[in-house]
Amino acid sequence: MRGALFKTILATFIGGFVTWQMIQNSGYILIAYGNYSLDMSLWTLLLLISLFLITLLFLRNITRLIVEPSKKFLKSHATSKLRKNKLLLARGLLQYTEGRWTSARKDLERSAKNSGIPVVNYIIAAYSAYETRDYEGADKLLKEAEKYAPKDDLTISLVKARMHIRDRNFS
């Protein structure tokens, strides 16, 4: 309440002072550039500058009203996508441990696209494909894992070796 009263008194004082100055001095501004000149009163120039600044503030606020909701939407969409991906990964790992190989492979492959560590998703999906005797699918998934694995990593080679040893395929 006191803040509003103070602002009202301040605005009245400033308005009265500016009005008094306008009556006392009209001021004169001359801007010349080459063959062109522009002359006006000081108060007209100040009014034009004030209108320009108010227009800039208005445009900034309108832009903010348009941009902020879209930022929030994009952020919430990305968060939602990340949460969905984590749930897919968790469900795929649980299905793998329960021995539901087909659904585990499907969920792990789908979550690998947006995973922070897709190599793990593809390796476990390859194990799931191997358990369903889809050896070509397992090889394909291991090739996908190689795209994301570090160059000196032996993990994928060890996985392939374990699969061949289990099948007694020593060639």
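Further up the page is the structure itself.
Residues numbered from 1 in each chain as written. Predicted model: local features only at pLDDT ≥ 70, side-chain atom pairs only at ≥ 80, totals over all residues. Heavy atoms only, no water.

Student: Mind laying out the overall build of the protein chain, listing which residues take part and the relevant values?
Tutor: In terms of helices and strands, the protein chain carries six helices and two strands. Counted from the first residue to the last, the protein chain has its helices and strands arranged as α-β-β-α-α-α-α-α. Judged by the C-alpha coordinates and their principal axes, the protein chain covers about 105 × 55 × 25 Å. Of the contacts made within the protein chain by residues no fewer than 6 positions apart, 36% connect residues no fewer than 24 positions apart. (Helix = DSSP H or I, 4+ residues; strand = E, 2+ residues; numbered from the N terminus. Contact = heavy atoms within 4.5 Å.)

Student: Talk me through a positive patch on the surface; I want residue IDs and the actual numbers.
Tutor: Together, K84, K106, R110 and K113 line one region of the surface with positive charge. In this structure, K113 sits in the loop between α3 (101-112) and α4 (118-131). Overall, the relative accessible area of 64% leaves K113 in the exposed class. (Patch = residues over 30% accessible without salt bridge, like charges linked within 9 Å, V, L, I, M, F, W, Y side chains within 5 Å. Areas by Shrake-Rupley, 256 points an atom, 1.4 Å probe, with all protein chains shown as cover. Salt bridge = Lys/Arg side-chain N within 4 Å of Asp/Glu carboxyl O. Lys, Arg positive; Asp, Glu negative; His and termini not counted. Charge placed at Lys NZ, Arg CZ, Asp CG, Glu CD. Buried < 20%, exposed > 50% of the residue type's maximum accessible area, 1.4 Å probe, protein only.)

Student: Tell me what's going on with helix α2 (residues 42-98), and back it up with residues and numbers.
Tutor: For α2, with 57 residues, the first-to-last C-alpha span of 83 Å sits near the 84 Å given by 1.5 Å per residue. Within the sequence span of α2, burial applies to W43, N85, L88, G92 and Q95. Where α2 terminates, the next one or two residues include G99, which has phi positive at roughly 85 degrees. (Expected span 1.5 Å × (residues − 1).)

Student: Please set out the pairing of strand β2 (residues 36-40) residue by residue, giving values where relevant.
Tutor: Two strands pair when backbone bridges link them, and strand β1 (residues 29-33) and β2 are joined in this way by five bridges, in the antiparallel orientation. If you follow Y33 over to β2, its bridge partner there is Y36. Hairpin connection of β1 to β2: two residues between the antiparallel strands, including G34 at a positive phi of 60 degrees. (Pairing = 2+ DSSP bridges.)

Student: So what about unusual backbone geometry? Which residues, and what values?
Tutor: Not every positive phi belongs to a glycine, and R133 is a case in point at roughly 65 degrees. Relative to the elements of secondary structure, R133 occurs in the loop between α4 and α5 (135-148).

Student: Report on a nonpolar patch on the surface, specifying residues and quantitative values.
Tutor: Where nonpolar side chains cluster on the molecular surface, the patch consists of L42, L46, I49, F52, L53 and L56 and spans about 520 Å² of accessible area. You can see F52 is positioned in helix α2. The class for F52 is exposed, based on a relative accessible area of 52%.

Student: Tell me about α3, residues and numbers included.
Tutor: The end-to-end C-alpha distance of α3, which contains 12 residues, comes to 16 Å, matching closely the 16 Å that a straight helix rising 1.5 Å per residue would cover. Buried residues of α3: A104, R105, D107, L108, S111 and A112, and no others. Packed against the buried residues of α3 are α2, α4 and α5.

Student: Just give me the short version of the nonpolar core, but keep the residues and values in it.
Tutor: The nonpolar side chains of a soluble globular protein tend to be buried with one another. With 19 residues, the main nonpolar core has I123, L142, I156 and M163 as its most contacted residues. Counting residues per element, this core draws most heavily on α4, which supplies nine residues. (Core = buried A, V, L, I, M, F, W, Y, C linked by side-chain atoms within 4.5 Å.)

By themselves, these figures tell us nothing about what the structure is for.
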